[in-house]
Amino acid sequence: MPAETPTGRGRPWQVLLLMGSGGSDVLPGEVKAAQAATPGWEWTTLGGRSGWSTDPWPALCAADVVVTHAGQNAVAECAAARRPAIVIPQERPFGEQTATGRALTRGRLAAVADRWPAAEEWPALLEQVRALGGDLWSRWAPGDGAAQAATALAAAAQGERAL
């Protein structure tokens, strides 16, 4: 039988820190401080300085909470996997991540932070987002993209316009 953890469930809650390849505003010391402040959580980092994963899907699906930037691919992956997320938009030349963060906030799809939270903020933030769950992502990605694409392709093949 597994040892008792601070979560009381035999294993810690899982956090996936999903970093992009476009640069990061998060320093390794900030990640270590967040890890130290959350003993009931086990952190895994993909991307950034931690190295690239050819298939992040298993880690994404295993996560109880995903912490990521507001890049379109990262947001789409969180939505497809229906994982609760903390999104921290990073500075980009055209403000696209900031705009995505505003859209996520308006839709109440994820917790959006304008900066990396202080170490003492992480325990409550992770628990709040975990409890929120990931079901609201269905508003962003309904899950029927393949069926919609097939309908559009069939209509195009017949010379019709798909709606």
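Below, the structure is looked at part by part. (Residues numbered from 1 in each chain as written. Predicted model: local features only at pLDDT ≥ 70, side-chain atom pairs only at ≥ 80, totals over all residues. Heavy atoms only, no water.)

## Quick notes on the nonpolar core
Counting 20 residues, the largest nonpolar core has W43, V67, I86, W116, W122 and L126 as the members making the most contacts within it. Here the element with the most residues in this core is helix α5 (residues 122-132); it accounts for four residues. In contact with L126, not counting residues within four places along its chain, are V15, T38, W41, W43, V65 and I86. Within the second largest apolar cluster, 18 residues are counted, among which are L60, A74, C78 and A81. (Core = buried A, V, L, I, M, F, W, Y, C linked by side-chain atoms within 4.5 Å. Buried < 20%, exposed > 50% of the residue type's maximum accessible area, 1.4 Å probe, protein only. Helix = DSSP H or I, 4+ residues; strand = E, 2+ residues; numbered from the N terminus. Contact = heavy atoms within 4.5 Å.)

## Some words on the side chain of R92
Its place among the elements puts R92 in the loop between β4 (85-87) and α4 (96-107). Among buried Asp, Glu, Lys and Arg side chains, R92 stands out as unpaired, with E96 the closest opposite charge at 4.9 Å. A distance of 3.0 Å separates a polar atom in the side chain of R92 from a polar atom in the side chain of Q90. (Lys, Arg positive; Asp, Glu negative; His and termini not counted. Salt bridge = Lys/Arg side-chain N within 4 Å of Asp/Glu carboxyl O. Polar contact = N/O pair within 3.5 Å; in protein donor to acceptor, adjacent residues only side chain to side chain.)

## Let's talk about α5
Buried within α5 we find W122, L125, L126 and V129. The buried residues of α5 occupy one face: seen down the axis, they fall within an arc of 95 degrees. When the buried face of α5 is taken as reference, the exposed residues oriented beyond 90 degrees from it are A124, Q128 and A131. Where α5 is buried, its residues touch β1 (13-18), α1 (28-37), β2 (41-46), β3 (65-68), β4 and β5 (111-112). Positive backbone phi, approximately 80 degrees, marks G133, located one or two places after α5. (Arc of directions from axis to C-beta.)

## Brief notes about the pairing of β1
β1 sits mainly inside the fold: six of its six residues count as buried. By the alternation rule, side chains of β1 split into W13, V15 and L17 and Q14, L16 and L18, which are all buried. Of the pairings in the sheet, the one linking β1 to β2 comprises six bridges and is parallel in character. Residue pairing in the sheet places L18 in a bridge with L46 of β2. In this structure, β1 lies alongside β3, joined through four bridges in parallel fashion. Within β3, the residue paired with L18 across the bridge is T68. (Pairing = 2+ DSSP bridges.)

## Digging into the packing of aromatic side chains
This model, assessed by the stated rule, comprises four aromatic pairs. Considering the side-chain rings of W116 and W122, the 4.9 Å spacing of their centres and the 50 degrees angle between planes classify their relative orientation as tilted. Neither residue differs from the other here; W116 and W122 are each classed as buried. Ring geometry for W137 against W140: centres 6.1 Å apart, planes inclined by 85 degrees, an arrangement best described as edge-to-face. For W137, a relative accessible area of 0% translates into the label buried. Note on W140: relative accessible area 31%, which makes it partly exposed. (Phe/Tyr/Trp six-rings, centres within 6.5 Å; stacked < 30°, edge-to-face > 60°.)

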